[in-house]
Amino acid sequence: PAARSCSDARNFRARRPQRKMLHAHKANLQTNLRQRLLAIRERELDYYTDINRNIGNQAALIAGFAYSGIRYHYLVERQHSWQLSDGDSLEEVVFTSLLTMAMGCGLQTVLIAMLVAMLGPSLALRGGDGALHDAVKGMQAWTSAVLVLFLLSLFLLQARASALLALRARARAH
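Residues numbered from 1 in each chain as written. Predicted model: local features only at pLDDT ≥ 70, side-chain atom pairs only at ≥ 80, totals over all residues. Heavy atoms only, no water.

Caption draft 1: Inspection of the overall build of the protein at higher detail. Within the protein, the regular secondary structure consists of three helices and zero strands. Counting across all 174 residues of the protein, residues that qualify as buried make up 28%. Pairs at least 24 residues apart make up 80% of the contacts formed inside the protein by residues separated by at least 6 positions. A total of about 12,200 Å² of accessible surface is found on the protein, and carbon and sulfur atoms cover 61% of it. (Helix = DSSP H or I, 4+ residues; strand = E, 2+ residues; numbered from the N terminus. Buried < 20%, exposed > 50% of the residue type's maximum accessible area, 1.4 Å probe, protein only. Contact = heavy atoms within 4.5 Å. Areas by Shrake-Rupley, 256 points an atom, 1.4 Å probe, with all protein chains shown as cover.)

Written out as structure tokens, the structure reads:
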């Protein structure tokens, strides 16, 4: 039995370097996994940044269309003051209100999309540990809000077409 305990002690000492190698290999695998996860998060950050830039550009175009519609209506169609008068129809008020709301939603979309595209990557770069994850999570949430505002401005611009048809039909009736 004494010889057996001596051989067990030798085996234990022989396994000690193997344990160190296993711990080093495990640490290496964990480091590689963290690097791959950070690379994926970085791609997500780039994705949300690009989406917000693109939606912001398109929302600026919609806001410009709405503003042009307001200017065209008041300068060409009405050819008088910007103030409402007794002769203004409900269709005209709805038409200009829809254009104004479309322009407002478009401009708000531009503002929020610009802030998300600028401040998200800034948080990821300048924040502490876990800042990249927080930045991507925040950008996911705000991108949803930007998309909803963009679709609302697009819907309002389309609804304005219905109001324009009603306004034209009323003008032809008179």
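Caption draft 2: Structural context of the pattern of salt bridges. One pass over the full model with this rule turns up one salt bridge. With its nearest N and O atoms 2.8 Å apart, the salt bridge here joins Arg-41 to Glu-44. Placement of the pair is Arg-41 and Glu-44 together in helix 1 (residues 2-78), with a separation of three residues, close to one helical turn. For Glu-44, a relative accessible area of 25% translates into the label partly exposed. (Salt bridge = Lys/Arg side-chain N within 4 Å of Asp/Glu carboxyl O.)

Caption draft 3: Fine view of the nonpolar core. In this structure, Leu-45, Leu-99 and Leu-157 are the most contacted members of the largest nonpolar core, which totals 29 residues. Counting only elements with at least two residues in this core, the list comes to helix 1, helix 2 (90-126) and helix 3 (131-173). In terms of residues, this core owes the most to one element, helix 3, which gives twelve residues. Leu-45 has contacts with Gly-120, Pro-121, Ala-124, Leu-132, Ala-135, Val-136 and Met-139, leaving out every residue within four places of it along the chain. (Core = buried A, V, L, I, M, F, W, Y, C linked by side-chain atoms within 4.5 Å.)

Caption draft 4: A nonpolar patch on the surface, seen in detail. On the surface, Leu-111, Met-114, Leu-115, Met-118 and Leu-119 cluster together into a nonpolar patch covering about 460 Å² of accessible area. With respect to the helices and strands, Leu-111 occurs in helix 2. On the basis of relative accessible area, Leu-111 is assigned to the partly exposed category, the value being 45%. (Patch = residues over 30% accessible without salt bridge, like charges linked within 9 Å, V, L, I, M, F, W, Y side chains within 5 Å.)

Caption draft 5: View of the environment of Phe-155. Residue position: Phe-155 is located in helix 3. The sequence separation of Phe-155 and Ala-102 amounts to 53 residues, and the corresponding C-alpha distance is 8.0 Å.

Caption draft 6: Just the side chain of Ser-153, in detail. Relative to the helices and strands, Ser-153 resides in helix 3. On the basis of relative accessible area, Ser-153 is assigned to the buried category, the value being 0%. The residues contacting Ser-153, other than those within four sequence positions of it, are Ile-62, Ala-102, Cys-105 and Gly-106.

Caption draft 7: Geometry of the packing of aromatic side chains. Counted by the stated rule, this structure contains one aromatic pair. Ring centres of Tyr-47 and Tyr-48 lie 5.2 Å apart, and the angle between their planes is 70°; on these two criteria the pair is classed as edge-to-face. (Phe/Tyr/Trp six-rings, centres within 6.5 Å; stacked < 30°, edge-to-face > 60°.)

Caption draft 8: Region of interest: the environment of Leu-164. As for its placement among the helices and strands, Leu-164 is situated in helix 3. On the accessibility criterion, Leu-164 (24% relative accessible area) is partly exposed. Along the sequence, Leu-164 and Glu-92 sit 72 residues apart, while their C-alpha atoms lie 8.0 Å from each other.

Caption draft 9: Layout of the environment of Ala-169. Within the element layout of this structure, Ala-169 appears in helix 3. Exposure remark for Ala-169: the relative accessible area of 48% places this residue in the partly exposed category.

Caption draft 10: The confidence of the model for the protein, seen in detail. Counting all residues, the mean pLDDT for the protein is 84, and 82% of those residues have values of 70 or more. When mean pLDDT is compared element by element in the protein, helix 2 scores highest at 91, while helix 1 scores lowest at 81. (pLDDT = per-residue confidence, 0-100.)

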